[in-house]
Amino acid sequence: MKLLVRHQTVYRYAATAGRVAMRLKLMPVDTPAQSVLDWQVSVNDEPLTGFRRNSYGEMETIWIRHDRLDHAVIVAEGLVDTRESHGVVGHLDSRVDPRYFLRDTPLTRASDGIAEMARAAPTGEGPLAQLHALSAAVSDAVQYRAGVTSSATSAAQAFALGAGVCQDHAQIFIAAARVIGRPARYVSGYLLAGDGSALHETHGWAEAHVPGLGWIGFDPSNRVCVTERYLRLASGLDADDAAPIRGSVTVAGDIWIDADVRIAQAEEGVEERQLQRQQQQSVPPPEQTG
């Protein structure tokens, strides 16, 4: 399946910013489940070419501006060919031992309740079946409900609440997998919804490591292993570590953020026309001032 994506994030600053620094993980890489055919990232219409592989084997760059700035428009767009792999991502080009992803973070530290759920997962049919059971247990324990958690909500808090969104489901699964000794990490990316609904934001899921198979993608929010409708962008110990955009700014006053994702299945021979249509539907950048 060929997926066309246009991901635009607009930062607006109430007062002119004196310095802006951003770490961008907006460049997908080839995996056994996807091949990047064409991809570009720009900030304020200036293409970024300084992406380098990090220790996870993924691409990232740092964008810094020291002059006065009242807005930043970040656009990532391109075409990726995805393949059905039944969730198996395999062994990626990484310099990090999978056991590194047994580390807890404040967002993924298991509570007693999460640990109890993890240890209750059946072990008789092997580690893969155990992880499938764990993903189902997370889905059963935590209802999908938007607006009740935030990016700062930890796995333990969301589990106690019994509700949350994809970030919460993924981080609870990660916390539980680590309890039973399975390396697990957070993945950010994009999802082409199967029901025809439009998702205008990034999606989050988890990967767990299984000996002999490598990394396997689990999405407790949708009760599936990842399919060809998923486009993998970046990974990390938790949602913060895997965030497509993280940054700091020196500014007096408020900051407004407006993000919009457009994703569609490309038809052979009409990719450019579809991409142009997505661009026309995207959020317009702020007007130039002064």
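Residues numbered from 1 in each chain as written. Predicted model: local features only at pLDDT ≥ 70, side-chain atom pairs only at ≥ 80, totals over all residues. Heavy atoms only, no water.

(A) Quick peek at the sheet that holds strand β6 (residues 59-65). As summarised here, the arrangement of the four strands in space is β5-β6-β2-β16, forming an open sheet in which the pairing is antiparallel. Bordering the open sheet on either side are β5 (52-53) and β16 (245-250), each of which pairs with just one other strand. The pairing of strand β2 (residues 19-27) with β16 spans six bridges and is antiparallel. Counterpart to R19 in the pairing with β16 is T250. (Pairing = 2+ DSSP bridges. Helix = DSSP H or I, 4+ residues; strand = E, 2+ residues; numbered from the N terminus.)

(B) Representation of the environment of R119 within the structure. Within the element layout of this structure, R119 appears in helix α1 (residues 112-119). Separated by 60 residues in sequence, R119 and V179 have C-alpha atoms that sit 7.7 Å apart. With sequence-adjacent residues up to four places away left out, R119 is seen in contact with V179 and I180. (Contact = heavy atoms within 4.5 Å.)

(C) View of the packing of α1 against helix α4 (residues 166-179). At a closest axis distance of 8 Å, the pairing of α1 and α4 adopts a crossing angle of 65°. Of the two elements, α1 crosses α4, and the hand of that crossing is right-handed. Where α1 approaches α4, its residues I114, A115, M117, A118 and R119 are matched on the opposing element by I172, A175, A176 and V179. (Axes fitted to C-alpha atoms, helices over the stretch in contact; angles between N-to-C directions. Left-handed = near helix turned anticlockwise from the far one by under 90°.)

(D) Here's a closer look at the pattern of salt bridges. Applying the stated criterion to the full structure yields seven salt bridges. R6 is paired through a salt bridge with E77; the nearest N and O atoms lie 3.3 Å apart. Of this pair, R6 sits in strand β1 (residues 2-17) while E77 sits in strand β7 (residues 69-82), and the two are 71 residues apart along the sequence. Of the charged contacts, one joins E207 and R185 as a salt bridge, the two residues approaching to 2.9 Å between their closest N and O atoms. Residue E207 is found in strand β12 (residues 203-210), and its partner R185 is found in strand β11 (residues 184-191); the two are separated by 22 residues along the sequence. For R185, a relative accessible area of 3% corresponds to the buried category. (Salt bridge = Lys/Arg side-chain N within 4 Å of Asp/Glu carboxyl O. Buried < 20%, exposed > 50% of the residue type's maximum accessible area, 1.4 Å probe, protein only.)

(E) Region of the structure containing the packing of aromatic side chains. A complete count under the given rule lists seven aromatic pairs for this structure. Ring centres 5.2 Å apart and planes at 85° place the aromatic pair Y100 and F101 in the edge-to-face group. Its relative accessible area of 0% is what places F101 among the buried residues. Ring geometry for F101 and W215: centres 5.5 Å apart, planes at 90°, overall edge-to-face. You can see F101 sitting in the loop between β8 (88-90) and α1 and its partner W215 sitting in strand β13 (residues 214-219), a full 114 residues away along the chain. (Phe/Tyr/Trp six-rings, centres within 6.5 Å; stacked < 30°, edge-to-face > 60°.)

(F) Up close: the environment of E84. By the secondary structure assignment, E84 is in the loop between β7 and β8. Residue classification places E84 among the partly exposed positions, given a relative accessible area of 40%. Expressed as a C-alpha distance, the spacing of E84 and Q34, which sit 50 residues apart in the sequence, is 9.0 Å. Once residues lying within four places of it in the same chain are set aside, the contact partners of E84 are V226, T227 and E228. Engagement of the side chain of E84 in a polar contact is seen with the backbone nitrogen of H86, the distance being 2.7 Å. (Polar contact = N/O pair within 3.5 Å; in protein donor to acceptor, adjacent residues only side chain to side chain.)

(G) Here's a closer look at α4. Spanning 14 residues, α4 covers 20 Å between terminal C-alpha atoms, matching the ideal 20 Å at 1.5 Å per step. Immediately downstream of α4, the backbone of G181 shows phi near 80°, a positive value. (Expected span 1.5 Å × (residues − 1).)

Nothing here speaks to function; it is all geometry.
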